[in-house]
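# Coordinate analysis (summary)
For reference, the chains in residue letters:
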Amino acid sequence: MSDPFLVLGVDPAADDAAVEAAYRSAIKRYPPDRAPAAFQAVREAYERVRTQRDRVAYRLFETEPPRPVDILRRAEAKRRAAASMAEPDAEPGAESGAEPGAGAAVDRAGRTSAGESGGRPDAELIKALLRGER
């Protein structure tokens, strides 16, 4: 099962009101009649981390290892947060550096994760993420 914090788009340290607000906005994006699978995923994620007690229990007792896609999504969310903190004056929706491959993650060596490989992440980047180095 995927990470409920990523499904809801909320920080793991969020309070009950923030989790509920994220849940309400997510079910507006994915109504059950148009996207039943996405709605079900959002609903299950909310049920797992609804209250502070549920979030603590999830962190303490969740034994399922994170999936690689969850690790990549977490890294992308951190990258976006860092980029938004670094460029507060940038126009919304405008990417800095409109060059080929813009939007692709760039590692410390300057390699892009979505380069010539058709949008697939760099293997070294994935290995580093799995080791927890990034």
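Residues numbered from 1 in each chain as written. Predicted model: local features only at pLDDT ≥ 70, side-chain atom pairs only at ≥ 80, totals over all residues. Heavy atoms only, no water.

Let's shift gears to the layout of surface pockets. When its volume is computed, the second largest pocket comes out at roughly 290 Å³. As for the second largest pocket, its lining consists of Asp3, Phe5, Leu6, Gly9, Val10, Asp11, Pro12, Tyr58, Arg74, Ala77 and Lys78. If you list the elements that add at least two residues to the lining of the second largest pocket, you get helix H1 (4-8) and helix H5 (68-86). The greatest single-element share of the lining of the second largest pocket, amounting to 3 residues, is contributed by H5. In the lining of the second largest pocket, the residues fall into 6 nonpolar, 1 polar and 4 charged. (1 Å grid on protein atoms, 1.4 Å probe; cavity = no way out; pocket = protein on both sides within 12 Å on 5 of 7 lines; lining within 4 Å. Points joined across faces, edges and corners; volume = space filled by probe spheres on them. Helix = DSSP H or I, 4+ residues; strand = E, 2+ residues; numbered from the N terminus. Nonpolar A, V, L, I, M, F, W, Y, C, P; charged D, E, K, R; others polar.)

Close contact between H5 and helix H6 (residues 123-131) brings their axes to 10 Å; oriented N to C, the two are set at 95°. The orientation of H5 relative to H6 falls into the category roughly perpendicular. Packed against H5, whose contacting residues are Ile71, Leu72 and Ala75, the element H6 presents Ile126, Leu129 and Leu130 at the interface. For the contact of H5 with H6, the residue count by class is 6 nonpolar, no polar and no charged. (Axes fitted to C-alpha atoms, helices over the stretch in contact; angles between N-to-C directions. Parallel < 35°, antiparallel > 145°, perpendicular 65-115°, else oblique. Contact = heavy atoms within 4.5 Å.)

The geometry of helix H2 (residues 16-29) relative to helix H3 (residues 36-48) is characterised by a closest axis approach of 10 Å and an angle of 170° between their N-to-C directions. Between H2 and H3, the angle is such that the two are roughly antiparallel. On H3, the residues that touch Val19, Glu20, Tyr23, Ala26 and Ile27 of H2 are Phe39, Val42, Arg43 and Tyr46. Along the lines of polarity and charge, the residues of the contact of H2 with H3 split into 7 nonpolar, no polar and 2 charged.

Within the secondary structure layout, Lys127 lies in helix H6. Residue class for Lys127 comes out partly exposed when judged on its relative accessible area of 44%. Distance from Lys127 to Pro68, taken between C-alpha atoms, is 9.8 Å for residues 59 residues apart in sequence. (Buried < 20%, exposed > 50% of the residue type's maximum accessible area, 1.4 Å probe, protein only.)

Glancing now at a nonpolar patch on the surface. Side chains of Val56, Leu60 and Phe61 sit close together on the surface and give an oily, nonpolar patch of about 330 Å² of accessible area. Tracing the backbone shows Phe61 in helix H4 (residues 52-61). Residue classification places Phe61 among the exposed positions, given a relative accessible area of 62%. (Patch = residues over 30% accessible without salt bridge, like charges linked within 9 Å, V, L, I, M, F, W, Y side chains within 5 Å. Areas by Shrake-Rupley, 256 points an atom, 1.4 Å probe, with all protein chains shown as cover. Salt bridge = Lys/Arg side-chain N within 4 Å of Asp/Glu carboxyl O.)

Another aspect to go through is the side chain of Asp3. Here Asp3 lies in the segment before H1. Beyond its immediate chain neighbours, meaning those up to four positions away, Asp3 contacts Tyr58, Asp70 and Arg74.

Before going further, it helps to spend a moment on the pattern of salt bridges. In this structure the tally under the stated criterion is 9 salt bridges. Measuring nitrogen to oxygen at the nearest pair gives 2.9 Å for the salt bridge that ties Arg48 to Glu62. Taken together, the residues Arg48 in helix H3 and Glu62 in the loop between H4 and H5 connect sequence positions 14 residues apart. A network of salt bridges, in which partner residues are shared, links Arg43, Glu47 and Arg50.

Core analysis: the largest hydrophobic core is formed by 13 residues, its most contacted members being Leu8, Val10, Val19 and Val49. Of all the secondary-structure elements, those providing two or more residues to this core are H1, H2 and H3. With 4 residues, H2 is the largest single contributor of residues to this core. For Val10, the residues in contact, after removing those within four places along its chain, are Phe5, Ala18, Val19 and Ala22. (Core = buried A, V, L, I, M, F, W, Y, C linked by side-chain atoms within 4.5 Å.)

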